[in-house]
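Single-letter residue listing:
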Amino acid sequence: MTNEMPLWEVFIRGQHGLNHRHVGSLHAADAEMALLHARDVYTRRNEGVSIWVVKSADITATSPGDKGPMFEPSNDKVYRHPTFFDIPDDVGAM
Amino acid sequence: MYAQMVKSTGNAVKSLDEMTPQEAAFQARIDAGEKIEPKDWMPDGYRLTLMRQIGQHAHSEIVGQLPEGNWITRAPTLERKAILLAKVQDEAGHGLYLYCAAETLGVSRDELLEELHSGRMKYSSIFNYPTLNWADIGAVGWLVDGAAIMNQVPLQRCSYGPYSRAMVRICKEESFHQRQGYDIMMKMVNGSGAQRAMAQDALNRFWYPSLMMFGPSDKDSVHSAQSMAWKIKIDTNDGLRQKFVDQTAPQAAYLGLTIPDENVKLNEETGHYDYSDPDWSEFFNVLKGNGPCNKERLGARVKAWEDGAWVRDGLMANAAKKSAKIAAE
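Position numbers for residues start from 1 in each chain and track the written sequence from start to end. Labels follow written order: the first chain is A, the first ligand is 1, and so on. Side-chain atom pairs in this predicted model are given and counted only at pLDDT of 80 or more, local residue features only at pLDDT of at least 70, and totals for whole chains, interfaces and linings cover all residues. Note that water and hydrogens are dropped before the side-chain values are worked out from all heavy atoms of the structure.

Chemist: Quick question: what am I supposed to make of the overall build of chain A here?
Modeler: Looking only at helices and strands, one finds two helices and three strands in chain A. Put simply, DSSP marks the helices as runs of H or I at least four residues long and the strands as runs of E at least two long, and each gets a number from the N terminus on. Start at the N end of chain A and walk to the C end: the helices and strands fall as β-β-α-β-α. On C-alpha atoms alone, chain A measures out to a radius of gyration of 21 Å, which is more than a quarter above the 12 Å that the 2.2 N^0.38 rule sets for 94 residues. Once the C-alpha set of chain A is aligned to its principal axes, its extents read approximately 65 × 35 × 15 Å. Of the contacts formed within chain A by residues at least 6 apart in sequence, a portion of 42% connects residues at least 24 apart. Per-residue and other accessible areas follow the Shrake-Rupley method at a 1.4 Å probe size, with only the shown protein chains counted as cover for residues. For chain A, the accessible surface area stands at approximately 6900 Å², while carbon and sulfur atoms represent 55% of it. Here the positive residues are Lys and Arg and the negative ones are Asp and Glu; neither His nor the chain ends is included. The atom standing in for a charge is NZ when the residue is Lys, CZ when it is Arg, CG when it is Asp and CD when it is Glu. The positive charge centre, built from 9 side chains, and the negative charge centre, built from 13, are 6 Å apart in chain A. For the radius of gyration, the atoms used are the C-alpha atoms, and the globule rule reads 2.2 Å times the number of residues raised to 0.38. Only heavy atoms matter for contacts: two residues are in contact if any of them lie within 4.5 Å across the pair.

Set out below in structure tokens:
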């Protein structure tokens, strides 16, 4: 019980050159074993061409309580979006 | 289902007026279709009920490997052996996704396994029935995985993010399971008279236990009402059972097999198939631990866990040695 293998988060890059994407987690004694397990568990149907594993304990995350101060400031900066600017139809596609 | 008769708070669903502001805000998020994520605030009852439900679901996946594992060495051809191995490996994966989802609620996988091994947590009643002949492997894929899909597809929309995402992955893989089972059944019914008889025998034995997978009628259950309000249970047990019978009856007819219930027929008025309820006393007896294979199944799990202890310890010792070496360099 005290000797439980640590938890790892698994990230996989699919076939089409997209970013590595979080797909799930697993337990493994070390990084090498985590990669092998990730291969067996998360790529049994050709889901990936590259795997990253990282110990869950090593991830720093925002907390739900920070949601407001973290993300709301961008709400009042609508000019960051292209739709903010009116371009006459006569100008053509832009 | 894979999670049967999961206990919730045991209290009636609170009305919005009875809730604390925090609970009401939580319920509003669920009603708006938002996903709840691990670090979000949630009522203790929600956390505990989900832990029970996901845990039981995970246990079912890994105990579910046993009746099929029984036939890996006995599969009739190399191709069937490879297919069955792949299927049983998938079940291990499904168990892993679900244990990981449960762990996000603050329980460790080892703790969940301890609960299973001590008999405090259950797994689906269906896995306490034996797989006696090769056609049983067909029937398990066709009926048992068919029933599982029926339950799991709506759970992809459940309110808890990690559970919902695990369900998405599982459902993607599950349809292979049902189709390989039906494929075995087709092969058997197109074979010799003896093979057809085996297929019919398998259907006879697995029909009612499959209906039991959905659990008894829950129309008056406070546990179900609370779980449905929290969107961790989407459909009623009876609703899913009816859907299963409606889907399965024509499939049995296609195989030329007879469902062992003379009441199964299409009701022109309702558009659904009528059917007889299973013997619920048998269901409760199996849940209590008195099914044909309860002792064998749990015994196999405990033995595998205990026999594997030295391997897990060795791996951890090796990892500790390696990281100490890196630290020293």
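Chemist: Any chance you could explain the environment of B:T258 here in plain terms?
Modeler: Within the element layout of this structure, B:T258 appears in the loop between α10 (237–255) and β1 (265–266). Taking the C-alpha atoms as reference points, B:T258 and B:Y129, 129 residues apart in sequence, are found 20 Å from one another.

Chemist: Please clarify how unusual backbone geometry should be interpreted in this entry.
Modeler: Leaving glycine out, the prevailing phi sign among residues is negative, and the prevailing peptide bond configuration is trans. A positive phi angle is found at A:N46, which is not glycine, with a value near 65°. Mapped onto the elements of the fold, A:N46 is located in the loop between α1 (31–42) and β3 (50–55). The exposed category is assigned to A:N46, whose relative accessible area is 58%. One non-glycine residue, B:K231, lies in the positive phi region at around 55°. A 1.4 Å probe rolled over the protein chains alone gives each residue an accessible area, and that area as a share of the maximum for its type sets the label: buried under 20%, exposed over 50%, partly exposed in between.

Chemist: For this particular structure, what's the right way to read the sheet that holds β3(A)?
Modeler: Pairing between sheet strands relies on hydrogen bonds along the backbone, with the strands arranged either parallel or antiparallel. Residue and element names in this part refer to chain A. Spatially, the three strands line up as an open sheet ordered β2-β1-β3, and their pairing is antiparallel. Looking at which strands have only one partner, the edges of the open sheet turn out to be β2 (21–27) and β3. When the angles between neighbouring strand axes are averaged without regard to direction, this sheet yields 30°. Any two strands with at least two DSSP-identified bridges between them are counted as paired. Bridge analysis of strand β1 (residues 7–13) against β2 gives six bridges, and the strand direction is antiparallel. Looking across to β2, one finds that F11 is bridged to H22. An axis is simply a line fitted to the C-alpha atoms; with a helix, the fit covers only the stretch in contact. Between two such axes, the angle follows the N-to-C directions and lies from 0 to 180 degrees.

Chemist: Looking at this structure, I do not really get the pattern of salt bridges. What am I missing?
Modeler: Note that side chains of opposite charge can pair when their charged atoms are close. Salt bridge, as applied in this entry: a Lys or Arg side-chain nitrogen positioned within 4 Å of an Asp or Glu carboxyl oxygen. Applying the stated criterion across every chain yields a total of 24 salt bridges over all chains. Across the pair B:K322 and A:D30 runs a salt bridge whose closest N-O atoms are separated by 3.0 Å. In this pair, B:K322 sits in helix α13 (residues 309–328) while A:D30 sits in the loop between β2 and α1, so the two residues belong to two different chains. Through salt bridges with shared partners, one network takes in A:R44, A:R45, B:D90 and B:E173.

Chemist: Is there a simple way to think about the interface of chain A and chain B in this case?
Modeler: A common way to report how large an interface is uses the accessible area buried once the components associate. Listed per partner, the contact involves 23 residues of chain A and 24 residues of chain B. A simple way to read buried area is as the amount of 1.4 Å-probe accessible surface that goes missing from two parts once joined, with both sides added. When chain A packs against chain B, close to 2000 Å² is buried across both sides, 54% of that on carbon and sulfur atoms. Seen at the junction of chain A and chain B, the total is seven salt bridges. For the salt bridge of A:E47 with B:R169, the shortest nitrogen-to-oxygen distance reads 4.0 Å. The definition of a polar contact used here is a pair of N or O atoms within 3.5 Å, where within protein one atom must be able to donate a hydrogen and the other to accept one, and adjacent residues in sequence count solely through side-chain atom pairs. Where chain A meets chain B, there are 11 residue pairs in polar contact (both at pLDDT 80 or more). When residues of the side of chain A that touches chain B are traced back to their parent elements, those giving at least two are β2 and α1 of chain A. Per element, the largest residue contribution to the side of chain A that touches chain B is five residues, and it comes from α1(A). For this scheme, ten residues count as nonpolar: Ala, Val, Leu, Ile, Met, Phe, Trp, Tyr, Cys and Pro. Four count as charged, namely Asp, Glu, Lys and Arg, and the remainder, Gly too, count as polar. When the residues that make up the side of chain A that touches chain B are grouped by side-chain class, the tally is 12 nonpolar, four polar and seven charged.

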